[in-house]
Amino acid sequence: MAQLRLFSSLFVLWCLLVPASQIAQAQTPAEANKRLFDRSIDELNFRTMETVYDKSFTRRKFPVTLRTYQARREFDDFNNNADLKKLFQNYNDVSERFKNRFGKGRRDLAEFQKQLNSVLIDKNFEFFIRVLPRDERVALIRSLQRIIKQSTAQFNASEDPAPEDLAADGAAVPPADVDADPEAAAPTEPLEDPAPQPEAGAPESTPATPTSTTDSPKRHDWVDYFTLLLAGTSSLLLVYLIVSVLPDLRARLDGLADQIDPQAQRRTPRRDAMDLPEDRYEEEDN
């Protein structure tokens, strides 16, 4: 009887393990990496919404069960704050579309890590976390970067091309025919932008203007000649005032003083401040 029970238990365990192993074998590394990418996006979205929600409400916590898009969409505990609810629902819809960034084109490790990091610089992500203080935004981004590193470590790179294969593919490209027409050999569309374009908010750098050399003489414009004319006119006007106007004005003042008081004697020159007064001790004794 005991042997029958043991045999039945082993048979049930075998029936459970065989389908699971078959499913694991049927799943390709590319499909596993896609599932890993989707789970990573859900984790990034959950951590972001949890931080913003906990900051918005001091006595409420974002439930830990809301790790999927549908669960977050059905969440409705916003304390009758319609604006905050709309903000969370809009970001939940936008963040779900982050999953479409991986799986259709390249599927190597570099593309996997690049698309996960692009979430942290997305304009919708920056708009959603703008309510957080600067130090909390920095702490959130660092925690999300750690999640990205953990997901990158679980990536299955067995199907990625080896570096030596890429080098061999580059060496196998035939050289360009020197006799070919350059217009026909040129591609119709550029494969990659050779020079990175500046960002929209960054100021464009202007090229430095060449400095003038000593060989070419500097030209004078009308401003220089007008300044020279004003300086010469001012000098002539000053000389005219000193030579003509001031002596004439002094003569008129002297004539006017003689007409008012003809008997007045002109003042004697002021005694020098260093001369001592006369000695009058004898007059005081008398």
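Definitions and limits used
- Residues numbered from 1 in each chain as written.
- Predicted model: local features only at pLDDT ≥ 70, side-chain atom pairs only at ≥ 80, totals over all residues.
- Heavy atoms only, no water.
- Core = buried A, V, L, I, M, F, W, Y, C linked by side-chain atoms within 4.5 Å.
- Buried < 20%, exposed > 50% of the residue type's maximum accessible area, 1.4 Å probe, protein only.
- Contact = heavy atoms within 4.5 Å.
- Phe/Tyr/Trp six-rings, centres within 6.5 Å; stacked < 30°, edge-to-face > 60°.
- Helix = DSSP H or I, 4+ residues; strand = E, 2+ residues; numbered from the N terminus.
- Lys NZ or Arg CZ within 6 Å of the ring centre and 35° of its normal.

Participant: So what about the nonpolar core? Which residues, and what values?
Facilitator: F62, F88 and F128 are the most contacted members of the largest nonpolar core, which totals 32 residues. For F128, the residues in contact, after removing those within four places along its chain, are T48, M49, V52, L87, F88 and Y91.

Participant: Before we move on, can you summarise the packing of aromatic side chains with the specific residues and values?
Facilitator: Tallied over the full model, the rule gives 16 aromatic pairs. Note on Y53 and F75: the rings are 5.6 Å apart at their centroids and 70° apart in plane angle, and the pair reads as edge-to-face. Of this pair, Y53 sits in helix α2 (residues 29-56) while F75 sits in the loop between α3 (69-74) and α4 (82-96), placing them 22 residues apart in sequence. You can call Y53 buried: its relative accessible area is 0%. Ring centres 5.9 Å apart and planes at 75° place the aromatic pair Y53 and F78 in the edge-to-face group. One end of the pair, Y53, is in helix α2; the other, F78, is in the loop between α3 and α4, with 25 residues separating them in the sequence. Here F78 falls in the buried class, since its relative accessible area comes to 4%. One aromatic cluster is present, built from ring pairs that chain together F46, Y53, F57, F62, F75, F78, F88, Y91 and F128. Lying across the ring of F57, R60 places its NZ or CZ 5.8 Å from the centre.

Participant: Which residues make up unusual backbone geometry, and what values do they have?
Facilitator: Positive phi values are uncommon outside glycine, yet N79 reaches one of about 55°. Looking at the element boundaries, N79 is found in the loop between α3 and α4. Even without glycine at this site, N80 takes up a positive phi of about 60°. When you line up the elements, N80 lands in the loop between α3 and α4. With relative accessibility at 81%, the residue N80 sits in the exposed group.

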